[in-house]
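Reading the structure
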Amino acid sequence: MKGEVNWTVTHMKTADPRLTSWTWTWTWTGPRPPDSPETSRIFQFEIGSMQNLVYLVVDWSTKQAAWVDPQKDLSEPLALIKKHQLSLQAVWLTHTHADHVAGLAELMGQFPGIPVYLHEKEAFRLKLSPSFQERLHFLHDQEQIALGNQGIRAWHMPGHSAGALSFEIPSDGKAPPFLLTGDTLFIRDCGRTDLPTGSTAQMFESLQRYRQFPAETILLPGHHYREEWWSTLGQEWQESPPFQCRSAAELEALP
Ligand SMILES: [Fe+2]
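In this text the structure is predicted, and so the values were computed from the model without any measurement. (Residues numbered from 1 in each chain as written. Predicted model: local features only at pLDDT ≥ 70, side-chain atom pairs only at ≥ 80, totals over all residues.)

**Thoughts on the confidence of the model for the protein**
- In this model, the protein carries an average pLDDT of 85, and 84% of its residues clear a pLDDT of 70 or more.
- Every residue in residues 1-37 scores below 50 in pLDDT, and together they form 63 contacts with partners more than four places removed in sequence or on other chains. (pLDDT = per-residue confidence, 0-100. Contact = placed C-beta atoms within 7 Å.)

Shown next, in the form of structure tokens:
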């Protein structure tokens, strides 16, 4: 595990009208997990040779957890589940490119009965046995799923892949909302749109939809392509080249 998102240090008023409530200041506690993991609602792991970021989302009031985009090596998230005696409730898939589902079948085998949530348009890439197919649950745009006492909202954000989802973990009053964006939105970049079912026009529309979240929303992408492990949407609106584009044509023309 490379780090743990930790927060609630201080907050300040801001003059930027896009920052609707508060500017938060954050600390990064990694690389070792702290002694009191109950402060963290999200654990971030970098796994595999493609810098994939895998997440465990935890509801500490019930000790329920969800596993986002299982990479082939399951060992680190499994160890965390075991260490804290978490109850794995579900797998959430941002999309089904191979590097995001390489460990899916093994994980489903280890946790019989847990559901896998994804968008219907991503199912065609999964080569699962019929009994595993039955455990797929398709989410539509803005559908909510429960994790313990939390309501998680799935956002359909096509562009990188036709059924790409972003998962919004709402604020608990102490920390801001989090957005798990898979390969649709990276720090200072968006995902490529030239793979099958990708679309630059849809990516442009998805980028506009990312503007409706609070500016303090923490962006947690599907790959560790930059030095940073996370960002805020407010910072991305200002600094990410795709957000400066005023049309799909401009987005297409980005290097
Ligand atoms: Fe991808």
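**Some words on the nonpolar core**
- Membership of the largest hydrophobic core comes to 55 residues, with the highest contact counts inside it found for Tyr55, Val57 and Val68.
- Top contributing element to this core by residue count: strand β4 (residues 52-59), with six residues.
- With residues near it in sequence (within four places) discarded, Val68 still touches Val54, Tyr55, Val57, Trp92, Thr94, Phe167 and Leu180. (Core = buried A, V, L, I, M, F, W, Y, C linked by C-beta atoms within 7 Å. Buried ≥ 20, exposed ≤ 12 C-beta atoms within 10 Å, placed from the backbone. Helix = DSSP H or I, 4+ residues; strand = E, 2+ residues; numbered from the N terminus.)

**Observations regarding the sheet that holds strand β11 (residues 165-169)**
- An order of β9-β10-β11-β12-β15-β16 is seen for the six strands of this open sheet, with the pairing classed as mixed. In this open sheet, the two strands that pair with only one neighbour each are β9 (144-147) and β16 (231-232).
- Relative to strand β15 (residues 218-221), strand β12 (residues 178-182) runs parallel, the two sharing four bridges. Residue pairing for β15: Leu180 is matched across the bridge by Leu220. (Pairing = 2+ DSSP bridges.)

**A word on the environment of Ser206**
- If you trace the backbone, Ser206 turns up in helix α5 (residues 200-209).
- The spatial distance from the C-alpha of Ser206 to the C-alpha of His156 is 8.3 Å, given a sequence separation of 50 residues.
- Every residue in contact with Ser206, bar those within four places of it in the chain, is listed here: Met157, Pro158, Gly159 and Thr184.

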